[in-house]
Amino acid sequence: MRRGTSIMRFSVGSKESEVLLKMRGLYLFTGLAGGSFNPYVTSLLVHQGMTSQRIGVMMAFGTLLAILFQPLWGILVDRYQRTRLVLMLTLIVPGTIVYLYNVKWLVVIVLVYSLYTIFQSTQTPIADAYAVNAASAAGTSFGTIRLFGSIGTALGGYFGGLYLNWMGVTELWIPFLLFNLLALILVMTIPVNVQRRAQHVTFTSGIRQLLGNRVFLLFLAGCFLVNQTLTAFNSFFVLTFQMAGGSFAWSGIALMIASITSVPAMLVAARVLKKYGYEKTLMLASVVYMLRWAIQWLIPVPGVMIGVQTLHGMSFGFFYIAAVEYVASITGKELQATGQSLFNMVFVGLGGIAGNLLNGYLLETGGPGLMYFSCTVSAALGALLLYKVSSISRKQQSE
């Protein structure tokens, strides 16, 4: 995908404010949808008779399919100018198929999760690339848009826990469908591109160009090691919290705390990035990730597991904003959206595959302690790689 054809150029004036409002609404509703569904889906699958190891394998398989389909989304957006159509599909298809998780046939559940992941995987890079451009045109930061996703995730996680205590885990699909429909209405009103570039870089050639950049490869490797640990939270936190004696309602409070801390983090992210730079901010966030997992490894009690979620903002919030902005700075205008897609393929795709497989296996065989210990080590290794990226960048700047 390329920036010139995937994302429109915004004129100065009220149009910018209108687009910013719609993008913030989009992130809010998709955050509400994901926050009320994703953390609890493993509990639904366990209710359907699956083990955590089998869940991890299924999620890894679905993520692998999503990576394989990523070039197809790139072609649709680049060659056929279908940015808005693709965004609409990423909301319609997942929203309408999640009810089928209630079917107690393994093959149906695997098929539903695979389709869900294939269509939703491209939502983030397209929306992020669009939001980065919209924020730049309006003279604001990407974080002021992305934080609405965290607000939505926080509210969705909290009320999702209360909702499940009231309705039961088999009714998980209802709020997810509702919020996806609200997001769809906004996407249908977002402007399409109005200007095309005469010359452009195709998705596949852009990927080859970026993979030839040694610093970018080290950055992706560091992101992979850090983000594979996040599956311990996204996929397995509710399970480990219940294993420690917690309830759905209290897990909702923990999820809300985690997401709401991303809001101030994303608000101040622009200042932090300006003061410390991309690489140092990424390293700081990696160290906070390491601390976050180490505490849950050493003190696995519900109260501590709730309190430690206050570190989510400084870990995920700082890391994600710094990574997206770093990709935008290192790839240039023509490779902006392609770079975001490649970053998403590694950060969410490969990191999700490895994390779900590894953490699902460790949770099944060694319990939460072994899983969180492994996450601590992986985050530390990721921090070391990002330190290497920082060293190379300083050397290049001094030359």
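Refer to the structure above for everything that follows.
So, here is what we can say about the structure in this document. A quick note: this is a predicted structure, and the numbers were derived from the prediction, not measured. (Residues numbered from 1 in each chain as written. Predicted model: local features only at pLDDT ≥ 70, side-chain atom pairs only at ≥ 80, totals over all residues. Heavy atoms only, no water.)

Axes are the key here: two packed helices are described by the angle between their axes and the distance separating the axes. Between helix H14 (residues 248-260) and helix H15 (residues 262-298), the shortest axis-to-axis distance is 5 Å and the interhelical angle comes to 5°. Considering their axes alone, H14 and H15 lie roughly parallel with respect to each other. Each of Ala258, Ser259 and Ile260 in H14 lies in contact with H15, whose residues at this interface are Ser262, Val263 and Pro264. Of the residues assigned to the contact of H14 with H15, the class counts are 4 nonpolar, 2 polar and no charged. (Axes fitted to C-alpha atoms, helices over the stretch in contact; angles between N-to-C directions. Helix = DSSP H or I, 4+ residues; strand = E, 2+ residues; numbered from the N terminus. Parallel < 35°, antiparallel > 145°, perpendicular 65-115°, else oblique. Contact = heavy atoms within 4.5 Å. Nonpolar A, V, L, I, M, F, W, Y, C, P; charged D, E, K, R; others polar.)

Bringing the side chain of Thr281 into the picture now. As for its placement among the helices and strands, Thr281 is situated in helix H15. Among the residues examined, Thr281 registers a relative accessible area of 2% and is labelled buried. Ignoring sequence-local partners within four residues, the contact set of Thr281 consists of Val272, Leu273, Tyr276, Phe318 and Ala322. (Buried < 20%, exposed > 50% of the residue type's maximum accessible area, 1.4 Å probe, protein only.)

So, on to the environment of Thr42. Take Thr42: it is sitting in helix H3 (residues 41-47). C-alpha separation for the pair Thr42 and Ser52, spaced 10 residues apart in sequence, amounts to 7.8 Å. Residues within four places of Thr42 in sequence aside, it is in contact with Ile55, Met59, Ser235 and Leu239.

A few words on the packing of aromatic side chains. If you walk through the whole model with that rule in mind, you get 23 aromatic pairs. Taking the centre distance of 4.7 Å and the plane angle of 35° together, the rings of Phe37 and Phe176 count as tilted. Residue Phe37 is located in helix H2 (residues 14-37), and its partner Phe176 is located in helix H9 (residues 173-187); the two are separated by 139 residues in the primary sequence. The class of Phe37 is buried, set by a relative accessible area of 1%. When the centroid spacing of 5.5 Å and the interplanar angle of 25° are considered together, the rings of Phe316 and Tyr320 count as stacked. In this pair, Phe316 and Tyr320 are both assigned in helix H17 (residues 312-331), 4 residues apart and thus about one turn of the helix distant. The residues Phe316 and Tyr320 share a single accessibility class, namely buried. For the cation-ring pair, Arg292 lies above Phe233, with the distance from its terminal atom to the ring centre recorded as 4.8 Å. (Phe/Tyr/Trp six-rings, centres within 6.5 Å; stacked < 30°, edge-to-face > 60°. Lys NZ or Arg CZ within 6 Å of the ring centre and 35° of its normal.)

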